[in-house]
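The chain contents come next:
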Amino acid sequence: MPGPHEAGLERLRKLSSAVDVASGNADSDRLLNQVVDSVREIFDADTAAVLLLDEGGAALVARAAAGIEEEVRQGTRVPMGKGFAG
């Protein structure tokens, strides 16, 4: 059985591989959804989300999610410097 260090390295390898495969994809929404799905699988998580900085640099905007898709549909915004993600 691998130790915590080896398990962490394996997760990073899988994540890197997922990003490499997805980076050839020109459709940004599809790419983000693939990244979210890969992160959920690699980390055995119930939920995952990608928050991107808006054009003004004032807030993070939910662009892709799994397990909390409503936040993306609602265009959830997190002001910079506020909350866990901001």
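This text follows the structure it describes.
Just so we're clear, the structure is a prediction, and the values are computed from it rather than from any experiment.

**With respect to the nonpolar core**
Most often, soluble globular proteins have nonpolar side chains that are buried together.
Now for step 1: Core analysis: the largest hydrophobic core is formed by six residues, namely L32, V36, A48, V50, A64 and A66.
Now for step 2: In this structure V50 touches L32, V36, V61, A62, R63 and A64, once residues within four positions along its chain are discounted.

**Quick look at the sheet that holds strand β2 (residues 59-66)**
Now for step 1: Within the open sheet, the three strands sit side by side as β1-β2-β3. Their pairing is antiparallel. Each edge of the open sheet is held by one strand with a lone partner, namely β1 (48-53) and β3 (77-79). Adjacent strand axes in the sheet meet at a mean angle of 35° when their direction is disregarded.
Now for step 2: The strands touched by helix α2 (residues 28-42) are β1 and β2; relative to β2, the strand with the most contacts, the crossing angle is about 70°.

**So, unusual backbone geometry**
Now for step 1: Look at D44: it is not a glycine, yet its phi comes out positive at around 50°.
Now for step 2: Summarising the element assignment, D44 is placed in the loop between α2 and β1.
Now for step 3: Under the relative-accessibility criterion, D44 is labelled exposed at 68%.

**Some thoughts on α2**
Now for step 1: Between its first and last C-alpha atoms α2 spans 21 Å; for 15 residues at 1.5 Å apiece the expected length is 21 Å, and the two agree.
Now for step 2: Taken as a whole, α2 has its buried residues at L32, V36 and I42. What you see down the axis of α2 is that its buried residues fit within an arc of 135°, all on one side.
Now for step 3: A positive backbone phi angle near 50° is found at D44, which sits one or two residues after α2.

**Some words on the pairing of β2**
Here is the key point about a regular strand: its side chains alternate between the two faces of the sheet.
Now for step 1: Burial analysis of β2 places seven of its eight residues in the buried class, the great majority of the element.
Now for step 2: Sheet analysis places β1 next to β2, joined by six bridges and oriented antiparallel. By the bridge assignment, V50 is partnered in β2 with A64.

Cut-offs applied
- Residues numbered from 1 in each chain as written.
- Predicted model: local features only at pLDDT ≥ 70, side-chain atom pairs only at ≥ 80, totals over all residues.
- Heavy atoms only, no water.
- Core = buried A, V, L, I, M, F, W, Y, C linked by side-chain atoms within 4.5 Å.
- Buried < 20%, exposed > 50% of the residue type's maximum accessible area, 1.4 Å probe, protein only.
- Contact = heavy atoms within 4.5 Å.
- Pairing = 2+ DSSP bridges.
- Helix = DSSP H or I, 4+ residues; strand = E, 2+ residues; numbered from the N terminus.
- Axes fitted to C-alpha atoms, helices over the stretch in contact; angles between N-to-C directions.
- Expected span 1.5 Å × (residues − 1).
- Arc of directions from axis to C-beta.

Structural measurements only, silent on function.
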